[in-house]
Amino acid sequence: MANFKFSQPVMGRRTFIGGALATGAVAALAGCGGGENGGGGDASGKKVMNFYLSEPAFIDPYNAQENQGTAVVFSVFDGLMEWDWDSASAVPCCAAEAPTISEDGRVYTFKLREGMKFHNGDPVDAESFIRGWKRVASPKMDTPSDICYHLAPVAGYAEFNAGDTDEFSGLKAVDELTLEVTLTDPMADFPAVCCHPGLAPVPACADEDPKAFLEQPIGNGPFMMTEPWKHNQYISLARFEDYYGEKPSLDGVYMSIQKNPDTAFNEFQAGSIDFASIPSGKIKECIEKYGESEDGFTSTPRKQCLLGTELSTYFLIPSPQDPVLADPKVRRAVSLAINRQNIVDTLFEGSRKPATSIMPTSIDDSPENVWEDCKYDPEAAAKLLDEAGYPANADGKRDVEITLNYNGDGDHGDLMSAVQLDLEAVGIKVTQETVEWATYLQQLSDKNFSLGRLGWTADYPTMDNFLYPNFFTGADNNYEEYSNPEMDAAMLAARQIQDEEERKAACRKICGTIGKDMPVIPIMFYAHNYIGSERMKSFNYDAQTKPHFETAELA
């Protein structure tokens, strides 16, 4: 997925902001067609979970780019496939069965389940998937998607995305319930790609009234939006009674949008929120008071603190426009100057791990992935700065300045201050600049930053998903504009390897080689630091930061 807004793990691949809680942290759940109204939880007798959320960037699946927005999209939409953690594989969701694959590995044929409906009653068919996927790839959207790279392997994507044609040649509705997808080249991980929430089907009204759909998407998932998104306040979901699958136990979910995660935690302590992030310095205290989850991902009464390892990496991004950071020696020096162990020990009470590369060890723990300069060695950092032409003067200062750019509404301040102290210790002058999340994302796109920060959570748990989106030339999340034609070719070749172990071996070589250039500066691997309320009989928040409201139960 990708851009995290918080240093605290928030819900997954990318964006947010926040407002004040409604009184009592509950809001009315409007019934379909303007029927009954029910308060969030106890007052109305409805089983409503109150869930902390930061302001998303998008909740329309076509641009579901971060964990705040995807928390909504996962609840409102179902795609062809979903990731099964028990088997560690993609399994059918809207697809009635696993896809058939042509002998050359390029054509995937998906048979859809019968009887599926959108929340407005429209049927879910093959054309609705094509409609949804074309919106992701279309350059004609008012705001073109930042996640269109997921469809780059599909034949005809390049021409369609460039606006050269209105036809997406690799997508075909064979009949009402049969979708045929043709790839340009074989891609063994393509079923996993189909798990991404952005590749959901959409009804015709998504094209007929895109502005309304942006604010209140109409999906086919277990929950439906009861009203348009109340920006910086809340998002209200109700159970979809005509859902094709097993009905959720919850009547609804009230997503309370908070700008400050500490405010959400205070509301949790007051009994108004059922799920929030644990503030820095309070993990051990919360474990003592509320108990620790047995599996790290599931909250149950008196075992409420979730500390499971996420498929996520926090990293710094050198701007391609910054003349200082354009020098790989300076980037390597910055990396060597940062005491990652101190950051995870002091800010996260040892609950996270220092990053050894962009590749989380929870995805692949091979030492071949390790980047040599992802360690703490201030003496080596100083030597590299000398070699780069920035010698220290008598008081240890150097004629070099870096600005740390980040979103101030995401609780990154303590971490960035720790980085600042480390860099100043080797003579680099450091300043900090903060803006709200939406503005920050625009700064990244405009290359209007010096040394920024992001987090990347797996869109799907594959090694390729940490390499291609971040380092392939021109990829959407490649904000540092890294370009290595040899690595581009290697990434494309690795995608075609059918044997999983051989494919992983190729990805390890790619990861290690990219690390020599230090295009980004990995800081830490994420772990959950969340807490569920005692009201939750069971609630799972998985390693991909996906909230499983569909299986949640209130005590």
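Above this text sits the structure in question.
The text that follows walks through the structure, step by step, so that each part is easy to find. All figures in this text were calculated on a predicted structure; none of them were measured in a lab.

Focus: the overall build of the chain
- Of regular secondary structure, the chain possesses 16 helices and 24 strands.
- The C-alpha radius of gyration of the chain comes to 23 Å, within 12% of the 24 Å expected for a compact globule of 555 residues.
- Expressed as lengths along the three principal axes of its C-alpha atoms, the size of the chain is roughly 75 × 60 × 40 Å.
- Among the 555 residues that make up the chain, the fraction classed as buried is 59%.
- For the chain, the proportion of contacts with a sequence separation of at least 24, taken over those separated by at least 6, is 70%.
- Seen as two clouds, the 46 positive and the 85 negative side-chain charges of the chain have centres 2 Å apart.

Quick word on the layout of surface pockets
- Taken as a whole, the largest pocket holds about 790 Å³ of empty space.
- Mapped by element, the contributors of at least two residues to the lining of the largest pocket are helix H1 (67-76), strand S4 (81-84) and strand S5 (89-92).
- When residues of the lining of the largest pocket are assigned to their parent elements, the largest contribution, 4 residues, is made by S4.
- Classifying every residue of the lining of the largest pocket by side-chain character gives 21 nonpolar, 7 polar and 12 charged.
- Roughly 530 Å³ of volume is contained in the second largest pocket.

Describing the side chain of Ser533
- Counting through the fold element by element, Ser533 comes out in the loop between strand S22 (530-532) and strand S23 (536-540).
- The exposure class assigned to Ser533 is buried, which follows from its relative accessible area of 8%.
- Sequence-distant contacts of Ser533, defined by excluding residues within four places in its chain, comprise Phe268, Ile273, Asp274, Ser299 and Gln304.

Remarks on the pattern of salt bridges
- Considering all chains together, one arrives at 18 salt bridges under this definition.
- Across the salt bridge formed by Lys303 and Glu294, the nearest N and O atoms sit 2.3 Å from each other.
- Judged by relative accessible area, Lys303 falls into the partly exposed class, the value being 33%.
- Here Glu294 falls in the exposed class, since its relative accessible area comes to 67%.
- Lys447 is the partner of Glu481 in a salt bridge, and the nearest nitrogen-oxygen pair spans 3.9 Å. In this pair, Glu481 sits in the loop between helix H14 (464-471) and helix H15 (485-495) while Lys447 sits in the loop between helix H13 (437-446) and strand S20 (451-457), placing the two residues 34 residues apart along the sequence.
- Overall, the relative accessible area of 46% leaves Glu481 in the partly exposed class.

A closer look at the sheet that holds strand S8 (residues 171-175)
- Spatially, S6-S7-S9-S8 is the arrangement adopted by the 4 strands of the open sheet, whose pairing is antiparallel. The open sheet has two edge strands, strand S6 (100-101) and S8, and neither has a second partner.
- Relative to strand S7 (residues 107-111), S6 runs antiparallel, the two sharing 2 bridges. Bridge pairing in S7 places Ile101 opposite Tyr108.
- Sheet strands in contact with helix H2 (residues 126-137) are S8 and strand S9 (178-182), and its direction is about 170 degrees off that of S8.

Quick look at the packing of helix H10 (residues 340-348) against helix H12 (residues 413-425)
- Where H10 meets H12, the closest approach of the two axes is 11 Å, and the angle between their N-to-C directions is 145 degrees. Handedness of the H10/H12 crossing: right-handed. Only Asp414, Leu415, Ala418 and Val419 of H12 make contact with H10, whose side of the interface consists of Ile343, Leu347 and Phe348.
- Across the contact of H10 with H12, the residue classes break down as 6 nonpolar, no polar and 1 charged.

Here's the deal with unusual backbone geometry
- Residue Glu349 is not a glycine yet carries a positive backbone phi of 50 degrees.
- Here Glu349 shows up in the loop between H10 and strand S17 (353-354).
- Phi angles above zero are rare outside glycine, and Thr545 is one such case at about 60 degrees.
- Relative accessible area serves as the criterion here: at 1%, Thr545 is assigned to the buried category.

Some points on empty space enclosed by the protein
- Scanning the entire structure with this criterion turns up 1 cavity of 30 Å³ or more.
- Taken as a whole, the largest cavity holds about 60 Å³ of empty space.
- Within the lining of the largest cavity, the residues separate by chemical class into 6 nonpolar, no polar and 4 charged.

Examining the packing of H14 against helix H16 (residues 500-515)
- Two elements in contact, H14 and H16, have axes separated by 10 Å at closest approach and are oriented at 45 degrees. By the angle class used here, H14 and H16 are oblique. Considering only the axes of H14 and H16, their crossing is left-handed. Here Asp464, Leu467 and Phe471 of H14 lie close against H16, whose contacting residues are Cys507, Ile510, Cys511 and Ile514.
- Of the residues assigned to the contact of H14 with H16, the class counts are 6 nonpolar, no polar and 1 charged.

Some thoughts on the packing of aromatic side chains
- Per the counting criterion, the structure on display carries 24 aromatic pairs.
- With centroids separated by 6.1 Å and ring planes inclined at 85 degrees, the aromatic side chains of Phe471 and Tyr482 adopt a geometry described as edge-to-face. Here the residue Phe471 occupies a position in helix H14, and Tyr482 occupies one in the loop between H14 and H15, the gap between them amounting to 11 residues.
- Looking at Phe471, the relative accessible area reads 0%, which means it is buried.
- Aromatic ring contacts, followed pair by pair, group Phe51, Phe275, Tyr530, Phe539, Tyr541 and Phe549 into a single cluster.

The rules behind these values
- Residues numbered from 1 in each chain as written.
- Predicted model: local features only at pLDDT ≥ 70, side-chain atom pairs only at ≥ 80, totals over all residues.
- Heavy atoms only, no water.
- Helix = DSSP H or I, 4+ residues; strand = E, 2+ residues; numbered from the N terminus.
- Rg over C-alpha atoms; globule rule 2.2 N^0.38 Å.
- Buried < 20%, exposed > 50% of the residue type's maximum accessible area, 1.4 Å probe, protein only.
- Contact = heavy atoms within 4.5 Å.
- Lys, Arg positive; Asp, Glu negative; His and termini not counted.
- Charge placed at Lys NZ, Arg CZ, Asp CG, Glu CD.
- 1 Å grid on protein atoms, 1.4 Å probe; cavity = no way out; pocket = protein on both sides within 12 Å on 5 of 7 lines; lining within 4 Å.
- Points joined across faces, edges and corners; volume = space filled by probe spheres on them.
- Nonpolar A, V, L, I, M, F, W, Y, C, P; charged D, E, K, R; others polar.
- Salt bridge = Lys/Arg side-chain N within 4 Å of Asp/Glu carboxyl O.
- Pairing = 2+ DSSP bridges.
- Axes fitted to C-alpha atoms, helices over the stretch in contact; angles between N-to-C directions.
- Left-handed = near helix turned anticlockwise from the far one by under 90°.
- Parallel < 35°, antiparallel > 145°, perpendicular 65-115°, else oblique.
- Phe/Tyr/Trp six-rings, centres within 6.5 Å; stacked < 30°, edge-to-face > 60°.

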